[in-house]
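Reading the structure
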Amino acid sequence: MSKQEIIICSNLRDDLERIISSHKFDKLFILTDNHTYRYCLPVIKDIPAVENATDITIGVEDVNKTLETLAYVWLKLSNSEATRRSLMINLGGGMVTDLGGFAAATFKRGISFINIPTTLLSMVDAAVGGKTGINFNGLKNEIGAFAPASEVIIDSEFLKTSDYENIISGYAEMIKHGLISTDENWKELIKFNFDNEIDYKSLQNLISKSVGIKENVVEQDPYEKGIRKSLNLGHTIGHAFESFSLKNESPILHGYAVAWGLVCELYLSHIKCSFPIEKLKSTVTFIKEHYGKLYFSCKDYDKLYEFMTHDKKNESSDSINFTLLSDIGEININQIVSKDDIFDSLDFYCETMG
Ligand code: GLY
């Protein structure tokens, strides 16, 4: 997979003008959702390089990350006579960058695209690393492809139109990056102050470090054969929480599911790999204070377990594959965990988060 250039912006308009001019293309498309069309597109629409772009706008949020929406984007590209030399900008959160990336990667066997993530979640995770796709058959990101954007342009200014829930949701992926990197980074993250007005300059600094951690992992293992699985920390149980909530028609933000998944998976790390108890407690305290709790009871454990068996990372349908830690930055991939231990971790969740 080719390497994508990550630009942490100091001046979005200048950076975007320069990057677009560096591409050779015949037609330019900008994919937005209803929210970014209204709040983010105006920030870039009058830049000379963007002025003649064709807008494609899709519905907001994960419920629209479907085959129907994908077909709509393909149709728009086709009806607007996009060619293999066309360029697409995906301006939005993870749904837009994932679906837009997949649309671009498959249209005429692939056109170039630039990601401009506008949510914290997409800045530190979705837009970086080349995973694209859609939900299918009730399962998250079931269909997709590895296809890197040529550039990812990150500007924390966009976060000023984001609500607290979406910021804290993205922050869960940053905590995950802290956990798989260094004590210093992890400590900095769980000390960050969300009680008063957010200090966007400090946040941008943490974002830059977080993206660097992800980039480094993706560079070593772009197709997730080994160390990239470390990025799945918190996600095996997190995805089950997400699917469970969706099924109950009370969808939750991805990062909340990851944060709650981290509680369970750090507990598993503690019992299976001796992850230090104090670091488990400090992380759980931060999560409890900032994310609250997802309610479920032991009657739901079998359903949650069933969702875990669908996880793409499993090598067979009867074993569940985890990434666990022996300490901050000490990563153990491909850990098979028994059903009993998983149920224990759900007990731990219910007792500590209660
Ligand atoms: N979101 C995990 C990864 O990009 O591998």
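Note: the structure precedes this text.
To keep things clear, this report deals only with the structure shown in the data block. Remember, it's a predicted structure, so these values are computed and weren't measured experimentally.

**Some points on the pairing of strand 4 (residues 87-92)**
With six of six residues buried, strand 4 lies mostly within the body of the structure. Here four bridges tie strand 2 (residues 28-33) to strand 4, and the two strands are oriented parallel to one another. Note that in strand 4 the partner of Leu31 across the bridge is Asn90. Where strand 4 lies against strand 5 (residues 112-117), six bridges are found, and the strand directions are parallel. Bridged to Asn90 within strand 5 is Asn115.

**Points about the site of the ligand**
Asp125, Lys131, Lys214, Glu224, Arg228 and Leu231 make up every residue found near the ligand. Measuring from a nitrogen atom of the ligand, one finds a side-chain N or O atom of Asp125 at 3.0 Å. One of the side-chain N or O atoms of Arg228 is found 2.8 Å from an oxygen atom in the ligand. In isolation the ligand offers 190 Å² of accessible surface; the protein chains occlude 89% of this area.

**Focus on helix 9 (residues 200-220)**
The end-to-end C-alpha distance of helix 9, which contains 21 residues, comes to 30 Å, matching closely the 30 Å that a straight helix rising 1.5 Å per residue would cover. Listing the buried residues of helix 9 in full gives Leu203, Gln204, Leu206, Ile207, Ser210, Val211, Ile213, Lys214, Val217 and Val218. Residues of helix 9 that are buried make contact with strand 1 (5-8), helix 6 (120-126), strand 8 (151-154), helix 7 (164-179) and helix 8 (183-191). The N-terminus of helix 9 is capped by Asp199, whose side-chain oxygen sits 3.2 Å from the backbone nitrogen of Lys201.

**Examining the environment of Gly234**
With respect to the helices and strands, Gly234 occurs in the loop between helix 9 and helix 10 (235-247). Between the alpha carbons of Gly234 and Gly261 there is a distance of 4.4 Å; along the sequence they are 27 residues apart. Residues contacting Gly234, with those up to four places away along its chain left out, are Ala257, Val258, Gly261, Leu262 and Glu265.

How each quantity is defined
- Residues numbered from 1 in each chain as written.
- Predicted model: local features only at pLDDT ≥ 70, side-chain atom pairs only at ≥ 80, totals over all residues.
- Heavy atoms only, no water.
- Buried < 20%, exposed > 50% of the residue type's maximum accessible area, 1.4 Å probe, protein only.
- Helix = DSSP H or I, 4+ residues; strand = E, 2+ residues; numbered from the N terminus.
- Pairing = 2+ DSSP bridges.
- Near = heavy atom within 4 Å.
- Polar contact = N/O pair within 3.5 Å; in protein donor to acceptor, adjacent residues only side chain to side chain.
- Areas by Shrake-Rupley, 256 points an atom, 1.4 Å probe, with all protein chains shown as cover.
- Expected span 1.5 Å × (residues − 1).
- Contact = heavy atoms within 4.5 Å.

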